[in-house]
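Overview (structure and organization)
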Amino acid sequence: MKFFSIASGSSGNCLYVQDGNSSLLIDCGLSGKAVESGLSIYNIDIADVTGVLVTHEHIDHTKGIGVMSRKYKKTIYITPGTYHALPTSVGVIPQDKLCFIQNTQFTVGNLRVTPFELSHDACDPHGFVIEGSGKKICVATDTGIITQAMTHTIAGSDFAFIESNHDLHMLKHGAYPPELKRRILSDYGHLPNTDASHLAVWLASKGTKKIMLGHLSAENNTEEIAYNTTLNALSRAGFLEAAKNLIVASRHFPSTIIEI
Ligand SMILES: [Zn+2]
Ligand SMILES: [Zn+2]
C-alpha cells in the first residue's frame with residue numbers, strides 16, 4: 001500500500017491511499033486543481049483514482065467533493081447523515097456517483113474499508129481503517145477524544161495517520177475567542193498534541209511502526225512542537241522504530257509518500 005497527505009488542516013484536507021489498481025482519496029477539502037497538482041507530484045493521474053471517502057461534512061473536508069463527483073466522475077462514499085448535513089456550497093452530487101455507507105465494512109476494489117465513530121461536532125463523523133495486501137492503515141482526525149470504537153478498530157495498524165491539532169498552552173493563552181477555545185477543547189473538538197502522543201505510544205505498543213501526525217492548527221501549534229511532543233513520548237516509551245519513522249503532515253504541501 002501507498003499513502004500520502006496532499007494537505008491536512010483547517011484550510012483543507014485530502015489524503016491518498018492506494019493498493020494495486022485501487023486508490024481512494026480520504027476527504028476532499030481542496031479544489032480539483034489543487035488535488036490534481038498534489039497527485040502529480042507522485043505522477044498519479046486523477047483519472048486513476050477510484051473514489052472519495054468522506055469523514056464528515058465540515059467544509060475543510062468536503063469543499064471539493066461536488067467537483068470530484070461532477071467533473072472528475074468519482075464515486076463519493078459517504079454516510080446518509082453526513083450527506084444530509086453537507087454545506088450547500090458543495091453543490092449537487094449526481095445520484096449515480098453517490099454511494100451510501102454505514103458503520104460497517106465495505107470494499108472498493110482491492111481496498112477493504114472499516115469505518116469507526118469519532119467524537120466531533122459534526123452529524124456523523126467517522127475515521128477509517130483501510131486494508132489491502134495484508135497491510136492495515138488508519139486515518140483518525142477531527143476527534144475531541146480517543147474513542148473506544150477508534151482504539152478497537154485501529155489496533156494493529158501498520159501505519160496510522162492521527163490528529164495532533166493543538167498545543168494546549170498555545171490554545172489556552174492564544175487569541176481565539178473563549179467560545180471557540182471551549183469548542184476545540186471539548187470532547188467534540190480536536191485532539192491536542194499530548195493526547196496524540198499517548199495514542200501514538202499506544203499504537204506503537206500494538207505494533208504500529210509508522211505514524212504521521214496531521215490536522216495541525218495554524219494558530220495553536222507548530223510542526224516542531226507537534227513532532228517533538230510525540231517523538232519524546234515514543235522515545236521515552238522505547239518505541240524507537242516508530243520514533244524514527246514519525247512524520248508531520250504539512251497544512252499546505254504534500255507529504256512524503258509512505259510505503260506500507
Ligand atoms: Zn477538519
Ligand atoms: Zn471537523
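This one's a predicted model, so the numbers in the text were calculated from it and none came from an experiment. (Residues numbered from 1 in each chain as written. Chains lettered and ligands numbered in written order. Predicted model: local features only at pLDDT ≥ 70, side-chain atom pairs only at ≥ 80, totals over all residues.)

Another aspect to go through is the overall build of the protein. The helix and strand inventory of the protein stands at 10 helices and 14 strands. Taking 2.2 N^0.38 as the reference for a compact globule, 260 residues should give roughly 18 Å; the C-alpha atoms of the protein span a radius of gyration of 17 Å, in line with that estimate. C-alpha atoms of the protein, sized along the principal axes, occupy 50 × 45 × 35 Å. Within the protein, the proportion of its 260 residues that are buried is 52%. In the protein, the proportion of contacts linking residues at least 24 apart, taken out of those at least 6 apart, comes to 67%. (Helix = DSSP H or I, 4+ residues; strand = E, 2+ residues; numbered from the N terminus. Rg over C-alpha atoms; globule rule 2.2 N^0.38 Å. Buried ≥ 20, exposed ≤ 12 C-beta atoms within 10 Å, placed from the backbone. Contact = placed C-beta atoms within 7 Å.)

Two pairing modes exist for strands in a sheet, parallel and antiparallel, and in both the strands are linked by backbone hydrogen bonds. In spatial order, the strands read β6-β5-β4-β3-β2-β1-β14; together these seven strands make up an open sheet with mixed pairing. The open sheet has two edge strands, β6 (98-100) and β14 (258-259), and neither has a second partner. Sheet topology places strand β5 (residues 75-78) next to β6; three bridges connect them, and they run parallel. In the sheet register, I78 faces β6, and the bridge partner there is F100. (Pairing = 2+ DSSP bridges.)

Note that P80 resides in helix α4 (residues 80-84). Once the C-alpha coordinates of P80 and C123 are considered, the two residues, 43 residues apart in sequence, prove to be 9.7 Å apart.

Let's shift gears to the sheet that holds strand β7 (residues 106-108). The seven strands are arranged β7-β8-β9-β10-β11-β12-β13 in an open sheet whose pairing can be described as mixed. With partners counted over all chains shown, the strands left at the sheet margins are β7 and β13 (247-248), one partner each. Bridging between strand β10 (residues 135-140) and strand β11 (residues 159-163) involves four bridges; their strand directions are parallel. Each bridged residue has a counterpart across the sheet, and for I137 the counterpart in β11 is F159. Of the strands in this sheet, β11 and β12 (210-214) touch helix α8 (residues 193-205), which is tilted by about 165 degrees from β11. (Axes fitted to C-alpha atoms, helices over the stretch in contact; angles between N-to-C directions.)

Moving on, we come to the nonpolar core. V52 and A200 are the most contacted members of the largest nonpolar core, which has 69 residues in total. A per-element tally of this core places α8 first, with six residues. Leave out the neighbours within four places in its chain, and A200 touches I162, I211, T230, A233, L234 and A242. (Core = buried A, V, L, I, M, F, W, Y, C linked by C-beta atoms within 7 Å.)

Quick look at unusual backbone geometry now. Positive phi is not limited to glycine here, since D27 has a value of about 65 degrees. Take D27: it is sitting in the loop between β3 (22-26) and α1 (32-40). A count of 28 C-beta atoms within 10 Å places D27 in the buried class. Phi at N43 takes a positive value of approximately 55 degrees, unusual for a residue other than glycine. The residue N43 is located in the loop between α1 and β4 (51-53) in this model. Under the C-beta neighbour-count criterion, N43 is labelled exposed, with 6 such atoms within 10 Å.

At a closest axis distance of 9 Å, the pairing of α8 and helix α9 (residues 223-236) adopts a crossing angle of 40 degrees. For the element pair α8 / α9, the angle class is oblique. Between α8 and α9 lies a crossing of right-handed hand. Of the residues in α9, those in contact with N193, T194, A196, S197, H198, A200, V201 and A204 of α8 are I225, A226, T229, T230, A233 and L234. Across the contact of α8 with α9, the residue classes break down as eight nonpolar, six polar and no charged. (Parallel < 35°, antiparallel > 145°, perpendicular 65-115°, else oblique. Left-handed = near helix turned anticlockwise from the far one by under 90°. Nonpolar A, V, L, I, M, F, W, Y, C, P; charged D, E, K, R; others polar.)

Another point: the pairing of β11. Burial of β11 is extensive: five of the five residues sit out of reach of the surface. A crossover connection joins β10 to the parallel β11 through helix α5 (residues 148-154); in handedness this β-α-β unit is right-handed. In the sheet, β11 pairs with β12 via five bridges, with the strands oriented parallel. Paired with F161 across the strands is M212, a residue of β12. (Right-handed = clockwise from strand over helix to strand, strands pointing away.)

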